[in-house]
Amino acid sequence: MTEDDRSSTGGARFGDVLADPQFRALWLAQLLSVLGDQVARVALAVLVFTDTGSAGLTALTYALTFLPDLVAGPLLSGIADRAPRRATMVVTDLLRAGLLALMAIPGTPFWVLCLLVVGGQLLAAPFAAARAAILPHVLTGERYVVASAVSGTTYQSGQVLGFALGGPLVALVGVPVALLGDAVTFVLSAVILQLGVAEQRVTTSVEGRAGAGLREGARIVAGDRRLRALVALACVSAFVVTIEGLAAPYAASLGGGPVAVGLLLAANPLGAALGIVLLARLVPPQRRDRLLGPLAVASCVPLIASALDPPLAAVVALWVASGLACAYQVPANAAFVAAVPDAHRGQAFGLAVTALRVTQGLGVLLAGLLAEATDPATAVAIAGAVGVVVAVGCALAWTRARP
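Presented here is a report on the structure given in the accompanying data block. Keep in mind that this is a model prediction, so the values were computed, not measured.

1. Here we look at the environment of Val316
Within the secondary structure, Val316 is located in helix H16 (residues 312-325). On the basis of relative accessibility, which here comes to 22%, the residue Val316 falls in the partly exposed class. Val316 sits 48 residues away from Asn268 along the chain, and the two C-alpha atoms are 8.1 Å apart. For Val316, the residues in contact, after removing those within four places along its chain, are Leu263, Leu264 and Ala267.

So, in structure tokens, the structure goes:
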């Protein structure tokens, strides 16, 4: 890698963190899971909208991938501060593979499918908390910040590939096979983590039961206005994520099928992947914090243009632009995790994810109801307008709170 490949992060490079064998294992496991998950989301969206013809029920199914965090985030994320962290990731991966295999059974009733989606999301909370808690031990300092950028880029790029390929793949092989493919990615992820990542426990003993850890994690987050502001900025994505929940009915309103659904779902992650790379490479660390607020506002602005009823290509371009600004989520996440003591990192991260996912789920659900009363384009435009107002308030809070 040449000197030009250095990011503006004090000498740390993407290649430096990928050279670490444990991070490579975490990275590869993440890539596999994300690819499989996005194909599965396309499959579920197509399945529900094809069977029901309802934008509201399609959005409800998508919202079910967020709302279980209301319970799982506070109650299950603390497992990462009490149980071995690698084992937590491996076990939850295998359990999620089993749930996806059950979803793939043809003729599964809609209510059973909803329960399986909820179960999978409940298991995602301790996995995410364990991964977030273990990463600062694998790489430290500025390498950790760059590793967070690599993880963010991988997540968004995996979404792009998964969504873009998901539409044609679902059309080719059908929903059951696509869901089984996602199950296989979780099994492979578990094997890679078991073989490639050293076991790691919390560095400080966590006393008491889960309730004590929950109270302490809540105290840490609620008592620090910088952490509160970071959580608020992250929750601005509740307005942006509405485009994912409405992708299937939006594509149908434009005369598109599964391929159009995949393109719409891939647009925002594509922009975010590009934005993360640009932010890591071109913006010095000391300036990134100042951009969090303006980028949060900018992430909602392109959605307002949906009110003009643009064609598919223009909608994709607008959603890519929104994704570019959404790149602020990665430095915000890294700042949050680094600011929390290791003994409570999993629990605090889980609480933050709870706030994020629940607001996202509610945003998708409300947008679905609004789309039923109006149309998908109008619902997205209203979400963008309200999001701008909320993001401005969150940006002002962050300006007052940041060091």
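There is more to say, and it comes next.
2. A look at the pattern of salt bridges
Within this structure, the stated rule accounts for 2 salt bridges. Of the charged contacts in the structure, one is a salt bridge between Glu199 and Arg86, with a shortest N-O distance of 3.9 Å. Taken as a pair, Glu199 in the loop between helix H8 (175-196) and helix H9 (210-222) and Arg86 in helix H5 (residues 85-103) lie far apart in primary sequence, 113 residues in all. Residue class for Glu199 comes out partly exposed when judged on its relative accessible area of 33%. In this structure, Arg96 engages Asp93 in a salt bridge whose closest nitrogen and oxygen atoms are separated by 3.0 Å. Of this pair, Arg96 and Asp93 both sit in helix H5, 3 residues apart, which is roughly one turn of the helix. Comparing Arg96 with Asp93, the two get one shared label, buried.

3. Focus on the nonpolar core
The biggest cluster of nonpolar side chains holds 71 residues, and the ones touching the most others in it are Leu179, Trp319 and Phe336. The leading source of residues in this core is helix H19 (residues 376-401), at 8 residues. With near-sequence residues (within four places) excluded, Phe336 lies in contact with Val221, Leu227, Leu230, Val231, Ala348, Phe349 and Ala352. If you look at the next biggest cluster of nonpolar residues, it comprises 26 residues, including Met89, Ala132, Leu135 and Ala190.

Scoring rules and cut-offs
- Residues numbered from 1 in each chain as written.
- Predicted model: local features only at pLDDT ≥ 70, side-chain atom pairs only at ≥ 80, totals over all residues.
- Heavy atoms only, no water.
- Helix = DSSP H or I, 4+ residues; strand = E, 2+ residues; numbered from the N terminus.
- Buried < 20%, exposed > 50% of the residue type's maximum accessible area, 1.4 Å probe, protein only.
- Contact = heavy atoms within 4.5 Å.
- Salt bridge = Lys/Arg side-chain N within 4 Å of Asp/Glu carboxyl O.
- Core = buried A, V, L, I, M, F, W, Y, C linked by side-chain atoms within 4.5 Å.

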